[in-house]
Structure formats: structure tokens, C-alpha cells
Amino acid sequence: MDQGTRDEMLGRLAEAVASVTVAHPTRVAVDGPPAAGKTTLADELAVVLRGQGREVIRGTIDDFLFPRAQRYPRGEYSAEGCYFDTHDYGRLNRVLLAPLGPGGDRRFQHAAYDRTADAVLSPPVTTAPADAVLVFDGVFLMRPELVDRWELRIFVSTALDKTVDRAVIRERQVSTRAEVERRWRERYIPAQQLYFAAVRPTDHADIIVHNDEPQQPIWEHHTRTH
């Protein structure tokens, strides 16, 4: 394991991206529990890569949700519903991951759903250069539907109880502490426990970032099993 500053960790991640040699865009997964710090890390990594002259496509699993009416057949607080009914992996593969992968034409759409409007999107098709980098953050990115779609897999690890405290702070403008705690303890955390039991996502990661202390992260390069 290595420990250092935030900038040192981001530099190591950028080196790992640069070490990938493929003839198509490099697809980077930034996986981890809700409120672990995935989006922040992915945004920061994108800035570093752009500073090195790479074209970066930023994507997030939140832009590939099913419409709300389809997401909650098991109830709003169902962990099984969170894991099985939330994300449109078929469309994610079809419009983004496959076009950027081996044999793809690099013509992609970066999103398929507007969460604020609860509306399906069909943004313009864009063509990526062959040396572009997709930095994609989200939960459950090592699932069987997605695990083979990434050239580099990063897992952001944080103690699950710590994610509850972060979520309360992050969502205090829109939700009460009781609402956030219920959502995390009944839906999100048990869904992560389902994910770990079914998939063992850290076994598939190339790099694990321990993000309990974001300004003093610990990271480890991992020999993935698949």
C-alpha cells in the first residue's frame, strides 16, 4: 500500500491510465459505495488527464438510470430494487461502452437519462478520438454486465458508516438526517452488501483507493482475479 497526498494519488492514477495501450479509447471505471467519493475523484482525475493533453469523456451511472416508474417495483427502500432494478446496463453498453471499445466505431452518447426531469435522453452522437479516455463513475461497475468493459478499474473504498455521515452533509439542503439515514441503512448499504457478496468487486479492481481520509488517501495496486 502507498500513502500520500491527494495530488500524489491522482498522479499515480494518471500514470496507470497512461500505461494502458489499446487502439481505442481507454475506459476507466471509478466504482464504490454511494458517498465514498467516486464523483469527486473522477472529476479530479479528469482535470489531471486533460492537463496532460488527453481528451476526457466524463460519464456517470446516474445518467443511465431507468425512469422512476420502473425503478421501484420492490419499494423505495428495497436493497434488492437498488441492485437489480435501477440501472439500464443494456443501454449503457449499447450507446457508450461498446462504441468506445474494441471493434467499436467510437460514435457514442454520454447519457441516456435526465434524473432531474425523470426523462429519457437521446443526446447528439459524438465521435471520440482513438486516444480519448472515458472516466466513468458509479455504483456496481464490476457487475457481470459491465466488468469486461473497462481497461482500468478503480475502486474507491470507504467505511460504510462513514458514507452515511457524508451523505447527511451532502444532502442536508434537500433531505432531513432521518430521511438520509433511512435511505442509506435500508437501501444503499444493504445493496452494497448484496454486491460484495455476489461479485466481490475489489477482487476485480486494478487499484483500490482507501478514501476514509480524502486528503491523506491510501492506495494499492491489486492483482485482479478477472
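Because the structure is a prediction, the values reported are computed rather than measured.

Q: Now, about the overall build of the protein chain: what can you tell me, with residues and values included?
A: A tally of regular secondary structure across the protein chain gives eight helices and 11 strands. In terms of principal-axis extent, the alpha carbons of the protein chain reach across some 45 × 40 × 35 Å. Residue burial in the protein chain is summarised as follows: out of 226 residues, 50% are buried. A separation threshold of at least 6 residues defines the contact pool for the protein chain, and within that pool the share at least 24 residues apart is 71%. As displayed, the protein chain has an accessible area near 10600 Å², and 49% of this comes from carbon and sulfur atoms.

Q: Describe the layout of surface pockets, listing the residues and the values that go with them.
A: Taken as a whole, the largest pocket spans an internal volume of roughly 870 Å³. Residue lining of the largest pocket: 38 residues in total, with P34, D62, R115, R170 and W184 positioned closest to the centre. When contributions to the lining of the largest pocket are tallied by element, the ones reaching two or more residues are α2 (38-51), α3 (68-71), β8 (133-138), α6 (160-170) and α7 (177-199). Classifying every residue of the lining of the largest pocket by side-chain character gives 13 nonpolar, 10 polar and 15 charged.

Q: Which residues make up the environment of V156, and what values do they have?
A: Inspection of the secondary structure puts V156 in strand β9 (residues 152-157). It is 25 Å that separates the C-alpha atoms of V156 and R91, two residues lying 65 residues apart in sequence.

Q: Run through unusual backbone geometry, naming residues and quoting values.
A: When glycine is set aside, most residues are seen to have a negative phi, and most peptide bonds are trans. A positive phi angle, close to 70 degrees, is found at A35, a residue other than glycine. Inspection of the secondary structure assignment puts A35 in the loop between β2 (26-31) and α2. Positive phi is not limited to glycine here, since R106 has a value of about 65 degrees. Checked against the element boundaries, R106 lands in the loop between α5 (89-97) and β4 (107-108). For R106, a relative accessible area of 28% corresponds to the partly exposed category.

Q: A description of α2 should follow, citing residues and the corresponding values.
A: Across its 14 residues, α2 extends 20 Å between first and last C-alpha, which sits within 8% of the 20 Å expected from 1.5 Å per residue. For α2, the set of buried residues is K38, L41, A42, L45, A46 and L49. Here the buried residues of α2 occupy an arc of 140 degrees about the axis, which is enough to place them on one side. Those residues of α2 that are exposed and aimed more than 90 degrees away from the buried face are V47 and G51. Buried residues along α2 sit against α1 (6-18), β2, β3 (56-60), β8, β9 and β10 (207-210).

Reading the values: the criteria
Residues numbered from 1 in each chain as written. Predicted model: local features only at pLDDT ≥ 70, side-chain atom pairs only at ≥ 80, totals over all residues. Heavy atoms only, no water. Helix = DSSP H or I, 4+ residues; strand = E, 2+ residues; numbered from the N terminus. Buried < 20%, exposed > 50% of the residue type's maximum accessible area, 1.4 Å probe, protein only. Contact = heavy atoms within 4.5 Å. Areas by Shrake-Rupley, 256 points an atom, 1.4 Å probe, with all protein chains shown as cover. 1 Å grid on protein atoms, 1.4 Å probe; cavity = no way out; pocket = protein on both sides within 12 Å on 5 of 7 lines; lining within 4 Å. Points joined across faces, edges and corners; volume = space filled by probe spheres on them. Nonpolar A, V, L, I, M, F, W, Y, C, P; charged D, E, K, R; others polar. Expected span 1.5 Å × (residues − 1). Arc of directions from axis to C-beta.

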